[in-house]
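# Examination of the molecular architecture
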Amino acid sequence: MQSDNRIFDDLVKFMNGAVGTLAGAGREAEQGARARAREWIGGLDFVSRDEFEVVKAMAVAARDENDALKARLDALEARGADPVPTA
């Protein structure tokens, strides 16, 4: 049995509108918070993944070069040669 009570219809419409408005406000608040977080994090001195990988590769290359130079120095010292010639 369906009732034609206008008060309940108006109340339901009002509640639906309020829920929709609150959901929209929640989405806007979330977007605003995300924008503020991006702005805050952007101001910090973080490096990107690409920059990190480049510096990591440079460190590996420097370590390899250091190992090669150490091996060369050890070989020179083993031969009894003076690694740093004096004048």
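Note that this is a predicted model, so its numbers are computed, not measured.

### Some words on a nonpolar patch on the surface
Taken together, the side chains of F8, L11, F14 and M15 make up a nonpolar region of the molecular surface, amounting to roughly 440 Å² of accessible area. Of note, F8 is situated in helix α1 (residues 6-43). Overall, F8 belongs to the exposed group, its relative accessible area being 51%.

### Some remarks on the pattern of salt bridges
One pass over the structure, following the stated rule, counts three salt bridges. With its nearest N and O atoms 2.9 Å apart, the salt bridge here joins E30 to R34. Taken as a pair, E30 and R34 lie in helix α1 at a separation of four residues, close to a single helical turn. Judged by its relative accessible area of 49%, R34 is partly exposed. Two residues, E53 and R49, come together in a salt bridge whose shortest N-O distance is 3.3 Å. Of the two residues, E53 and R49 both sit in helix α2 (residues 49-79), four residues apart, roughly one turn of that helix.

Thresholds, definitions, all that
Residues numbered from 1 in each chain as written. Predicted model: local features only at pLDDT ≥ 70, side-chain atom pairs only at ≥ 80, totals over all residues. Heavy atoms only, no water. Patch = residues over 30% accessible without salt bridge, like charges linked within 9 Å, V, L, I, M, F, W, Y side chains within 5 Å. Areas by Shrake-Rupley, 256 points an atom, 1.4 Å probe, with all protein chains shown as cover. Salt bridge = Lys/Arg side-chain N within 4 Å of Asp/Glu carboxyl O. Helix = DSSP H or I, 4+ residues; strand = E, 2+ residues; numbered from the N terminus. Buried < 20%, exposed > 50% of the residue type's maximum accessible area, 1.4 Å probe, protein only.

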